[in-house]
Amino acid sequence: RYGALAPPPGGRDGAPRDAAAALASGLLKDARHAVGATRIYLGPGCLEDLERRLAGRRRSAAASIQSLARGSRARRRVDAARTAAVGVASLWRGRRARRSYRAVRTVAAFG
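This structure is a prediction, so every number in the text was calculated from the model and none was measured.

Colleague: Can you tell me about a positive patch on the surface, naming the residues and giving the values?
Modeller: There is a patch of like positive charges on the surface, built from R95, R98, R99, R102 and R105. Secondary-structure assignment places R95 in helix α2 (residues 46-110). Overall, the relative accessible area of 40% leaves R95 in the partly exposed class.

Colleague: Requested: an account of α2, with residues and values cited.
Modeller: With 65 residues, α2 should reach 96 Å at 1.5 Å per residue; the first-to-last C-alpha distance of 96 Å fits that figure. Regarding α2, the residues found buried are C46, D49, L50 and L54.

Colleague: Quick one: what's the story with the environment of I40, residue by residue and with numbers?
Modeller: Residue placement: I40 occurs in strand β2 (residues 40-42). I40 sits 16 residues away from A24 along the chain, and the two C-alpha atoms are 6.9 Å apart. Beyond its immediate stretch of four places on either side in the chain, I40 contacts A20, L23, A24, L28, H33 and A34.

Colleague: Explain the confidence of the model for the protein to me, using residue names and the numbers behind them.
Modeller: For the protein, the mean per-residue pLDDT works out to 85, and 89% of the residues sit at or above 70. Mean pLDDT per element in the protein: helix α1 (residues 16-27) is the minimum at 72, and α2 is the maximum at 95.

Colleague: Any chance you could break down the nonpolar core for me, citing the residues and the numbers?
Modeller: Membership of the largest hydrophobic core is limited to 8 residues, which are Y2, L5, A6, A24, L27, L28, L50 and L54. In this structure L5 touches L27, L50, R53, L54 and R57, once residues within four positions along its chain are discounted.

So, how was this worked out
Residues numbered from 1 in each chain as written. Predicted model: local features only at pLDDT ≥ 70, side-chain atom pairs only at ≥ 80, totals over all residues. Heavy atoms only, no water. Patch = residues over 30% accessible without salt bridge, like charges linked within 9 Å, V, L, I, M, F, W, Y side chains within 5 Å. Areas by Shrake-Rupley, 256 points an atom, 1.4 Å probe, with all protein chains shown as cover. Salt bridge = Lys/Arg side-chain N within 4 Å of Asp/Glu carboxyl O. Lys, Arg positive; Asp, Glu negative; His and termini not counted. Charge placed at Lys NZ, Arg CZ, Asp CG, Glu CD. Helix = DSSP H or I, 4+ residues; strand = E, 2+ residues; numbered from the N terminus. Buried < 20%, exposed > 50% of the residue type's maximum accessible area, 1.4 Å probe, protein only. Expected span 1.5 Å × (residues − 1). Contact = heavy atoms within 4.5 Å. pLDDT = per-residue confidence, 0-100. Core = buried A, V, L, I, M, F, W, Y, C linked by side-chain atoms within 4.5 Å.

Below, the structure is given as structure tokens:
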């Protein structure tokens, strides 16, 4: 449950007690805990501290995801606007070319 707060694992070749001790040393900064053979026993206030830190990590992750989503949406809008601008410019160039051709044709025919 609190793996997101733990430092990256160094390896799994040690004894379970060593793994529990390494996890406790990475997660718990104070001495209000005890390490058993495969479990970590939390003292008063440890669980609340872990929950508070986990909530902060989740808020930070949510903010990062939202920021990426907003950026992606903004890039999509800019791309759509650019595509629309190119389309309008293309239509305008076509209209101008047709007018120019008509003017040249009229001058050549009556000219």
